[in-house]
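Each chain, letter by letter, is given below.
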Amino acid sequence: GPRGHGTRPVRTVTAAALYALEHVEQRSAFLSICKILLSSKRVGFTVGLNWDIEEKARMACNWLGWAAMALVAAVDAQNSSYTIGAWIPGSPATMLSTMRPLLEGFLNEEVGQKLSPPVQFNLVPVDYTADSSSHTLISEGKLDFLYTLAGGISCAVIENGWAVIATRRVRIGDKESGADGSIVYSLKSNTHIQNISDLMSKRIGMGFILSATSYQSGFQLLAESSVHVLKDLDQFVFYGNDFERQFQDVMAGKIDAGFVSSTWIAENHPDKLDQLIIHRQLHPSYENEEFAFPTSTPLLPQYGLTVSPRISWQIKRAVAKALQDLSGSHPAAVTAHVAGFTGPGSYMGVRATQRTMKILTMDSRGVSRCANQWSAVEIWNSFDCSSIPGDFIKISLEESLAKCGQSGISCPDGLICFCRPCVVNPETNYF
């Protein structure tokens, strides 16, 4: 807390935090608190160094907001029910049938019924439609926990101050891992594609923009091989949650290649692996354990469970302990393809990539925000042509879509597609 400046800053912070108790679900209230705290020319906070308003105020406001929510958790009465949002590839029905025995049944039995008074955990699907986005539900205070992949974890942590309390170990057949990567794959029968450089001027399917394993890692891998998604592909298609549709379109030759999570094909189509080329297949280790599945990219932590800062430490500890004590032979774990859970993994590498790729940005108020995967405009806004060697500029979204039509390339129904959004700057003079 504040020190070295008397008691006034302490009283101010306390009053501001108590004010936030009444408005904890409204992030805008935190900005109002900041106006109270930052009304003078300088603020007497010392946190290892002196904080100057002109340079650090916005970050301090965010931290204050999260601190106020943590204070709510400390003084608020225990809720009687908690909502867990979850996402896995596929449909809401698939997620519920796969994860409900674990994130509802198991937690209610091992945590909810053992607390006094008892509490209830309820599972809901998130990020399958624009209306059910985890970003929206978190900002509206409708979620208490979120179970999702690495990219979504990173966004919940940086946008809302949520904390990771457990990271899963996936089990597929007799193999397991606490990590995941990305595979860039194509059909062996497609003789026009034998290596990454052959992906130039091809059509590639991806997952969604927030996914480290079905978009970001593959994007970076191609760039390392001098194939730049934004200028060198005839078309790239975002399949969103529907990894199965992407896979079937590759198998049918409707698109030339795809990006998908390393464990997904091994889990859903192991019999098809011998028909695929896994481009730049690596054999990495993660936390001193050899990765048991094919991957084209370095590894990231598996899915994690994050929790809102407003949830009490009693509930957080109880949920984390129950998951970390879970046996991989438990029926709920078997149904969820989970070998168990460990303590929280580090998602800092994912966050750094999101910032580099402009997927995670900071507005003029210092508030960090991830791009909306449902908005073609926000996806478009993340494209950074300056990251490509040379002098490239971004054409308009309308021009890119028109370019698809001029090339006779249609976008699959219901999906978001782009065609070469980065072009050579026509004003560049070459000598």
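Residues numbered from 1 in each chain as written. Predicted model: local features only at pLDDT ≥ 70, side-chain atom pairs only at ≥ 80, totals over all residues. Heavy atoms only, no water.

**What about the overall build of the protein chain?**
No. 1: Assigned secondary structure in the protein chain consists of 15 helices and 21 strands.
No. 2: Counting across all 431 residues of the protein chain, residues that qualify as buried make up 54%.
No. 3: Look at the contacts in the protein chain between residues 6 or more apart in sequence, and 73% of them connect residues 24 or more apart.
No. 4: Roughly 19,300 Å² of accessible area belongs to the protein chain as shown, and the carbon and sulfur atoms make up 53% of that amount. (Helix = DSSP H or I, 4+ residues; strand = E, 2+ residues; numbered from the N terminus. Buried < 20%, exposed > 50% of the residue type's maximum accessible area, 1.4 Å probe, protein only. Contact = heavy atoms within 4.5 Å. Areas by Shrake-Rupley, 256 points an atom, 1.4 Å probe, with all protein chains shown as cover.)

**Let's talk about the state of the cysteines**
No. 1: Going through the model one piece at a time under the given rule, you end up with 4 disulfides.
No. 2: Note that C385 is cross-linked by a disulfide to C422, the S-S spacing being 1.9 Å. Its S-S torsion of about -85° marks the bond between C385 and C422 as left-handed, since a negative value means left-handed. Residue C385 is found in the loop between α14 (376-382) and β19 (392-394), and its partner C422 is found in strand β21 (residues 422-424); the two are separated by 37 residues along the sequence. Like C422, C385 is buried.
No. 3: Here C411 connects covalently by a disulfide to C417, the sulfurs 2.0 Å from one another. With the S-S bond torsion at 75°, the cross-link from C411 to C417 turns out right-handed.
No. 4: The exposure class of C411 is partly exposed, given its relative accessible area of 32%. (Disulfide = S-S within 2.5 Å.)

**Points about the packing of aromatic side chains**
No. 1: In this structure the tally under the stated criterion is 21 aromatic pairs.
No. 2: Measuring from ring centre to ring centre gives 6.2 Å for W87 and F243, while their planes differ by 65°; the resulting arrangement is edge-to-face. Pair noted here: W87 is in the loop between β1 (81-86) and α4 (92-110) and F243 is in helix α9 (residues 243-251), with a separation of 156 residues, a long-range link. Neither W87 nor F243 differs from the other in exposure class; each is buried.
No. 3: Aromatic pair F238 and F418: ring centres 6.1 Å apart, planes at 80°, arrangement edge-to-face. In this pair, F238 sits in strand β9 (residues 235-238) while F418 sits in strand β20 (residues 416-418), placing the two residues 180 residues apart along the sequence. For the pair F238 and F418, a shared accessibility class is recorded, and that class is buried.
No. 4: Chaining the aromatic ring pairs together yields one cluster made of W87, Y128, Y147, Y185, F208, F243, F247, W264 and Y303.
No. 5: In this structure, R168 packs its charged tip against the face of Y303, placed 4.2 Å from the ring centre. (Phe/Tyr/Trp six-rings, centres within 6.5 Å; stacked < 30°, edge-to-face > 60°. Lys NZ or Arg CZ within 6 Å of the ring centre and 35° of its normal.)

**Quick look at the pattern of salt bridges**
If the charged atoms of two oppositely charged side chains come close together, the side chains can form a pair.
No. 1: According to the stated counting rule, one finds 15 salt bridges in the structure shown.
No. 2: One salt bridge in this structure joins E104 and R100, with 3.5 Å as the shortest N-O distance. Note that E104 and R100 are positioned in helix α4 at a spacing of 4 residues, about one turn of the helix.
No. 3: When the shortest N-O distance is used, the salt bridge between R310 and D144 registers 3.2 Å. Remark: D144 occurs in the loop between α5 (134-139) and β3 (145-148) and R310 occurs in the loop between β15 (304-307) and α11 (313-324); sequence separation between them is 166 residues.
No. 4: Sharing partners across several salt bridges, the network here consists of R169, R171, E176 and E289. (Salt bridge = Lys/Arg side-chain N within 4 Å of Asp/Glu carboxyl O.)

**Focus on helix α15 (residues 397-406)**
No. 1: Listed as buried for α15 are L397, S400 and C404. In an axial view of α15, the angular spread of the buried residues amounts to 65°, which keeps them on one side of the axis. Residues of α15 that are exposed and angled more than 90 degrees away from the buried face: E398, G405 and Q406.
No. 2: Looking at the packing, one finds that the buried side of α15 touches β9, α14 and β20.
No. 3: Two residues or fewer past α15, G408 is found with a positive phi of approximately 75°. (Arc of directions from axis to C-beta.)

**Looking at the side chain of T167**
No. 1: Position of T167 among the secondary structure elements: in strand β4 (residues 163-172).
No. 2: With relative accessibility at 3%, the residue T167 sits in the buried group.
No. 3: Here the side chain of T167 touches G345 through a polar contact of 2.8 Å, landing on its backbone nitrogen.
No. 4: Among the polar contacts listed, one links the side chain of T167 to the side chain of Y347, at a separation of 3.2 Å.
No. 5: Once residues within four sequence positions are removed from consideration, T167 is found in contact with G178, P301, Q302, Y303, G304, G340, F341, T342, G343, P344, G345 and Y347. (Polar contact = N/O pair within 3.5 Å; in protein donor to acceptor, adjacent residues only side chain to side chain.)

**Examining the confidence of the model for the protein chain**
No. 1: When the pLDDT values of the protein chain are averaged, the result is 84; 81% of them are 70 or greater.
No. 2: In the predicted structure, residues 1-29 sits below a pLDDT of 50 and forms 38 contacts with residues beyond four places in sequence or in another chain.
No. 3: A low-confidence stretch, residues 35-56 stays under pLDDT 50, and its non-local contacts, those more than four residues away or across chains, total 31 contacts. (pLDDT = per-residue confidence, 0-100.)

**Digging into the sheet that holds β20**
No. 1: Strands sit in the order β11-β7-β10-β8-β9-β20 across an open sheet of 6 strands; the sheet is mixed. Every interior strand has two partners, whereas the edge strands, β11 (276-278) and β20, have only one. Strand-to-strand twist of the sheet, defined as the mean angle between neighbouring strand axes without regard to direction, takes the value 25°.
No. 2: By the bridge criterion, 3 bridges tie strand β7 (residues 182-187) to β11 in an arrangement that is antiparallel. Directly across from L187, in β11, lies its bridge partner L276. (Pairing = 2+ DSSP bridges. Axes fitted to C-alpha atoms, helices over the stretch in contact; angles between N-to-C directions.)

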